[in-house]
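This is what each chain is made of:
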Amino acid sequence: MSAPKEESPVTNLRDRLAAIATLDAAALEAEDIAILGRKQGELTRRLKGLATLSIDDKRAHGALLNALKVEFEAAIGTRRAELATEARQQDGAGVDLTMPGRESWHGTLHPVTVVIDEIVEIFRALGFSVALGPEVETEEHNFGALNFAADHPAMDMHDTLYLDPQGAVPAAGERLLLRTHTSPVQVRVMREGPPPYRVVIPGTVYRNDAFDPSHAPAFAQVEGLAVDQNITFVDLKATLGHFAERFFGAGTPVRFRPSFFPFTEPSAEMDVSCQLCAGQGCAACKGTGWMEILGCGMVHENVLRNCGVDPERWTGFAFGMGPQRIAMLRHGVPDIRHLYAGDMRFLQQFRSVGS
Amino acid sequence: MNASRAWLEAFLRRPLEAADLANRLAMLGAPVDAIEPIGADLSAFVVATVTDVRAHPDADKLRVTTVEDGSGSTWSVVCGAPNVVAGGRYPFARIGTTMPGGMVIERRKLRGEVSEGMLCSARELGLGDEHDGLLTLETDAPDGTPVAAVLGGGDERLVVDVTPNRPDLFGHKGIARELAASLNVPFRLPEIPGLAATDVPPPERASDSGVTGGITVTIADRQGCPRFLAGVVRNVQIGPSPEWLRRRLAAVGVRSVNNVVDVTNYVMFELNQPMHAYDADALRGAEIGVRTAKSSEVLVTLDGSTRTIPDGALVIVDGTGAIGVAGVMGGRDSEVTDTTTTVLLECAAFDPSRVRAARRALGMSTDASQRFERGTDRWGAVDAFRRAVQLVVSVTGGMIELPTIDCFPTFSHPPRIFLRPARVAQVLGLDLDWREIERCLVAIGATVVSKPDDARIAVDVPGWRPDLVAEIDLIEEVARVHGYDAIPSTVGPVRPVFRPDDAGWAAAHHARQVLVAAGMSEVLTLPMVAAGDPRAPVLLNPLSNDHRCLRPALVPALITEVERNWAVHNGDVRLFEVGTVFTVAEQHGAPPREAQHAAFAVTGRRQPAHWNDPAPRTWDRWDAKETLRQLVGLAQPGASLQVEGDGWAVHATDGRRIGHAGPITADSPQWAAPVFAGEIELGTLRSGHAKFAPLPTFPAVTRDLTLQLAAGQAVAEISSLLVQRGTRHDLRAVHVIDEYRDPTVGAGARNVTVRLVFRSDHRTLTDTEVDQATGRLRTSLERELDVSLRSS
């Protein structure tokens, strides 16, 4: 039935299999060829020899030989890897592996850019799209259309830089200035076509403020505008509260306080729980436990009217915030002027973000 | 606005806690920027009696006093104050007391006399600027009583941040009204110690002109001055104000002047009605009035400066000329002084924009102008006037001449506004019932005229709220008083709006990615620069000469930043910026052209030094060229680089020069490596998606040719000829792989090795085919460009 004459060579092969774990490199390669070699290998030959056997013998011997082949391949592979590791260890003897690795320069995004990108991405995820506009604007876009009464104390909050008309005499409202906020882009978007609108507007804005630790004559702003039917103060609170949780972390407490902006009514400031003291009250939050993060409100009906939108049919909210201030809070930067300098020692500190 | 906690307590008739007030005010829209204790910690000071005053044997200005402080001991104290008298009671700092300035009182000798403590002035206690002498305590409290107990419970100053729409919050009454609504308690005007119970009769109504106390009052500019009240008080005794009045003013940071001026300031801080007091005898022609300034009128103001009154300003005049700039500052010649016996009190309303224009032209801002330019309550002026008269009479012992006069030529009422509850719901998302709407409006002092269930509620707004002019203003008040906190925050369904992102956004984003990947750090420089580039738009009112223009390019600022790094001994600088640049428009008066640029500047080592490679190579022009090429490929499809000078320029398809790169001259220290920089205008991104190319099936074959190039011969010519002629021979690419300048061959001549890559899509090319193709290309080079192979 079975083939006892084949038993002893197989036993022999089993011994050789067991011996593989002790072979040196040269002996291992020789044994590999002797057993598994494509032409003269012991197992190869025997497997070829199967062709001459009866079907039953083929079945019995074939299974046995194939199992042996797999075991040899595994044993030889394992021993080969062992020997390679030993060889590397010998070669590497005397190499101090605690020596430092090879560094490369790492590029960095500005911390303010990172903040802007994060804010914009959150609002894009909420269905807002990015709108941009010019930094040199007309008085009408920057003030008039946004319901600033001419010569009102509200203008004092927007100390404005004007362009030298170089002798030109602009028409009323056409005087050129550096926009004091990104809100003129709201006007441009609304005048472009009918509602609904849902835009987020990042950009640089300008004020006639000398540099000091917390003021700069030019800084970034991210503004947003949502106008549709049935948008209410509830939506404003919900949307901006959602933003605060996405940006500052789930469960971040927020509060809305009444405020005043000529272009929104009702107007509000949104505070988030002070990021430094977790609402306990500290010097940074003047002991209130809150940090003012953004201004917002329902778009003033005069602004809608000025942009050709019927305020009885459409309502909306707008908001704006200052990425420099947020970046300063986030990284503990004490002086805004650092954010305008190209000192590599400063810029390279922000590699964890964006690079 | 500086508010006093104690003053607010007097309105609300209850003790208040400053931190709680601050929180309530913040939630009503008037955040408190600071809470400042008035006076230092007084707990260390005690009431003491001076029992004896002797001359100092060795100093004319010093006295030696004996002080009893309730401790059972008596102390010898040397004192320099002129007002120290035996029997007087003063604040006393015992030995060991720490003064507000940090000094510790010790036992010491002053000119040989022992001093065992210090008698204190108001300033030494941190209670104000009075330093003329000791603070005299009028009290029956026993010696040793803490001074704080005698001076009252102390006070705190709340620095309230008032938004421009809320003039009423410039008076304590306005703030008290808000707090009353928040606390749900009533409020009333504070009671004044020693004030006569009898009320001042109402003034007599007049039109443009009237007479009171023998003085003629005339409004010559009704638009500028809608209302002017005046009254004359005779036999006044000018002197220091009573302690309660001085304390109120000190608490809000106002210097005490005299009892009459102090009353006008008190009323201003209480009721937001600026007032002015004149020495009635100094009014020439027994006249006072308001008119528009004539050209170049001059006035010496209260602060002693001679000022030219701006054209168009409102002036207060007497029979001869200007005696004050209305709403801004009075004149020195008619001010109330120690010798004044008759006072004329003025209480007026002025056009906010006229006051604002005048104070801006004068370049000054006063407590009065700050209030007038935001809008005072012309209807409430009568109450303020009567309170002021009553107080002046009370503190000066004078007599009011009746009747007083109220010139109000165009009589009016505060406006009436209609409010639709449905509109409240549309804006706030909140269905408030009629009662709650009414409660909110009544809390701010409005009168709700309509009955419940009216679709429109008629609301008479209070005179002190000039900001309430339309329905939406009332909706904001309802929301504010109801409480923003009480409005829900529920996310509703949102319909998507399709509007593509502005193309510039993605362009900037991708440019940043390219530059960060190159190892550079982003910087945001100021967009304002010094003059110098004729393309730069000029500002009318720049911050300084260094910020006179808008930047027409980014690289110069980056070079300045490179130099900043050199100044701190950092030679490895890799900066980039993406931002807007501005160039003057061709058309005069048109807005400048704005474009988004990306720029970079690099110097120093290309890699950080490693122990294995201690001196890595530095950035060179080829790095700059490649960075520029990548940016062009990204944001200027179709544009290409051309050699320009010692660098490269990029021209758009319309010929406009839109970018450049190359070496840059900078203010380099000797040790610095060269600087390379580049800049490009970001256009629109390459559109569309990359198309898949089948992977090659057959291998490529390469041949290297080392060519001898004459001086001035460009590799680009050779590459493009090879590509052109090689196409039919399955030449797929030409790579420049080496350059060697052999000084023996001649100046400028060089050997350049190019690698030709041949590959067919259909079969494996044979060596023979490739050798033949290479031979043909060599022939082309020789014939067409006179370039031959290096003879080996």
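Residues numbered from 1 in each chain as written. Chains lettered and ligands numbered in written order. Predicted model: local features only at pLDDT ≥ 70, side-chain atom pairs only at ≥ 80, totals over all residues.

Caption draft 1: Focus on the overall build of chain B. The helix and strand inventory of chain B stands at 17 helices and 40 strands. On C-alpha atoms alone, chain B measures out to a radius of gyration of 42 Å, which is more than a quarter above the 28 Å that the 2.2 N^0.38 rule sets for 792 residues. A total of 792 residues make up chain B; the buried ones form 44% of that total. (Helix = DSSP H or I, 4+ residues; strand = E, 2+ residues; numbered from the N terminus. Rg over C-alpha atoms; globule rule 2.2 N^0.38 Å. Buried ≥ 20, exposed ≤ 12 C-beta atoms within 10 Å, placed from the backbone.)

Caption draft 2: How the structure looks around the overall build of chain A. Scanning chain A for helices and strands turns up eleven helices and nine strands. For 355 residues, the compact-globule formula gives about 20 Å, and the C-alpha radius of gyration of chain A, at 38 Å, lies well above that figure. Across its three principal axes, chain A shows a C-alpha extent of roughly 115 × 55 × 50 Å. When the 355 residues of chain A are sorted by exposure, 41% land in the buried category. A sequence separation of at least 24 residues applies to 66% of the contacts in chain A between residues at least 6 apart. (Contact = placed C-beta atoms within 7 Å.)

Caption draft 3: A look at the sheet that holds strand β25 (residues 416-419) of chain B. Residues and elements named next belong to chain B. Strand order in the open sheet made by the three strands is β25-β27-β26, with antiparallel pairing throughout. The open sheet is flanked by β25 and β26 (447-448), the only strands paired with a single partner. One ladder, built from four bridges, connects β25 with strand β27 (residues 457-460); its direction is antiparallel. Opposite R416, over in β27, you have D460 as the bridge partner. (Pairing = 2+ DSSP bridges.)

Caption draft 4: Spotlight on the packing of helix α5 (residues 111-125) of chain A against helix α8 (residues 233-248) of chain A. All names here are of chain A. Interaxial distance between α5 and α8 falls to 10 Å at its minimum, and their mutual angle equals 135°. If you check the angle between α5 and α8, you find them oblique. Crossing geometry of α5 relative to α8 is assigned as right-handed. Only F243, R246 and F247 of α8 make contact with α5, whose side of the interface consists of E118, I119 and I122. Residues belonging to the contact of α5 with α8 are distributed by class as follows: four nonpolar, no polar and two charged. (Axes fitted to C-alpha atoms, helices over the stretch in contact; angles between N-to-C directions. Parallel < 35°, antiparallel > 145°, perpendicular 65-115°, else oblique. Left-handed = near helix turned anticlockwise from the far one by under 90°. Nonpolar A, V, L, I, M, F, W, Y, C, P; charged D, E, K, R; others polar.)

Caption draft 5: Representation of the environment of A:G297 within the structure. Residues and elements named next belong to chain A. Within the secondary structure, G297 is located in strand β8 (residues 290-299). A sequence separation of 65 residues divides G297 from T232, and the C-alpha atoms of the two residues are 9.9 Å apart. Once you skip the residues sitting within four places of it in the chain, G297 turns out to touch F261, T264, E265, P266, S267, A268, F317 and A318.

Caption draft 6: Spotlight on the nonpolar core. In this structure, B:L558, B:A601 and B:A677 are the most contacted members of the largest nonpolar core, which totals 151 residues. Apart from the residues lying within four places of it in its own chain, the contact partners of B:L558 are A:G342, B:L575, B:E577, B:A599, B:A601 and B:A677. (Core = buried A, V, L, I, M, F, W, Y, C linked by C-beta atoms within 7 Å.)

Caption draft 7: Structural detail: the packing of α5(A) against helix α10 (residues 323-331) of chain A. Residue and element names in this part refer to chain A. Running from amino to carboxyl end, α5 crosses α10 at an angle of 110°, the nearest separation of the two axes being 9 Å. What the angle tells us is that α5 and α10 run roughly perpendicular. Every residue of α10 that contacts α5 at P111, V112, V115, I116 and I119 is listed here: P323, Q324, I326, A327, R330 and H331. Residue classes in the contact of α5 with α10 are distributed as eight nonpolar, two polar and one charged.

Caption draft 8: Just the interface of chain A and chain B, in detail. At the junction of the two partners, chain A supplies 73 residues and chain B supplies 85 residues. Contributions of two or more residues to the side of chain A that touches chain B are made by α5, β1 (129-130), β4 (197-206), β5 (218-228), α8, β6 (254-261), β7 (264-273) and α11 (344-347) of chain A. A per-element tally of the side of chain A that touches chain B places α8(A) first, with seven residues. By residue class, the composition of the side of chain A that touches chain B is 39 nonpolar, 20 polar and 14 charged.

Caption draft 9: Geometry of the confidence of the model for chain B. Mean pLDDT over chain B works out to 92, with 98% of the residues at or above the 70 mark. ipTM for the predicted complex: 0.84, alongside a pTM of 0.83. (pLDDT = per-residue confidence, 0-100.)

Caption draft 10: Structural view of the environment of B:T339. Tracing the backbone through its elements, the reader meets B:T339 in the loop between β21 (329-330) and β22 (343-349). Separated by 232 residues in sequence, B:T339 and B:G571 have C-alpha atoms that sit 74 Å apart.

Caption draft 11: Geometry of the pairing of strand β14 (residues 227-234) of chain B. All names here are of chain B. Of all eight residues in β14, seven are buried; the element is thus mostly enclosed. Here β14 runs beside strand β24 (residues 405-407); their pairing, made up of three bridges, is antiparallel. In the strand pairing of β24, F228 is matched with C407. When β14 meets strand β23 (residues 399-400), the two strands line up antiparallel, connected through two bridges. Residue pairing for β23: V233 is matched across the bridge by I400.

Caption draft 12: Representation of α10(A) within the structure. All names here are of chain A. Among the residues making up α10, those that are buried are P323, Q324, R325, I326, A327 and M328. Considering only its buried residues, α10 is in contact with α5, β5 and β9 (315-321). Where α10 ends, the next residue or the one after it, G332, has phi of about 70°, a positive value.

Caption draft 13: Structural view of the sheet that holds strand β3 (residues 45-56) of chain B. Residue and element names in this part refer to chain B. Here five strands make up an open sheet; going across it, the order is β5-β4-β3-β6-β9 and the pairing antiparallel. Here the strands that pair on one side only, and so sit at the sheet edges, are β5 (74-79) and β9 (118-119). Two elements, strand β6 (residues 89-93) and β9, share two bridges in a ladder whose sense is antiparallel. If you follow A93 over to β9, its bridge partner there is M118.

Caption draft 14: Inspection of helix α7 (residues 184-192) of chain A at higher detail. Buried within α7(A) we find A:P184, A:V185, A:Q186, A:V187, A:V189 and A:M190. Packing partners of the buried residues in α7(A) comprise β2 (136-138), α6 (139-142), β4, β5 and β9 of chain A.

Caption draft 15: View of unusual backbone geometry. A:P196 follows A:P195 through a cis peptide bond whose omega is 0°. Looking at the secondary structure, you find A:P196 in the loop between α7 and β4. Of note, the amide linkage connecting A:E265 to A:P266 takes the cis form, showing an omega dihedral of -5°. Inspection of the secondary structure assignment puts A:P266 in strand β7. Unusually for a residue other than glycine, B:R111 sits at a positive phi of about 50°. Locating B:R111 in the fold gives a position in the loop between β7 (108-110) and β8 (113-115). For B:R111, a count of 12 C-beta atoms within 10 Å corresponds to the exposed category.

Caption draft 16: Spatial organisation of the environment of B:L558. All names here are of chain B. Positionally, L558 belongs in helix α14 (residues 555-567). Judged by the 27 C-beta atoms lying within 10 Å of it, L558 is buried. For the pair L558 and G463, spaced 95 residues apart in the sequence, the C-alpha separation amounts to 56 Å.

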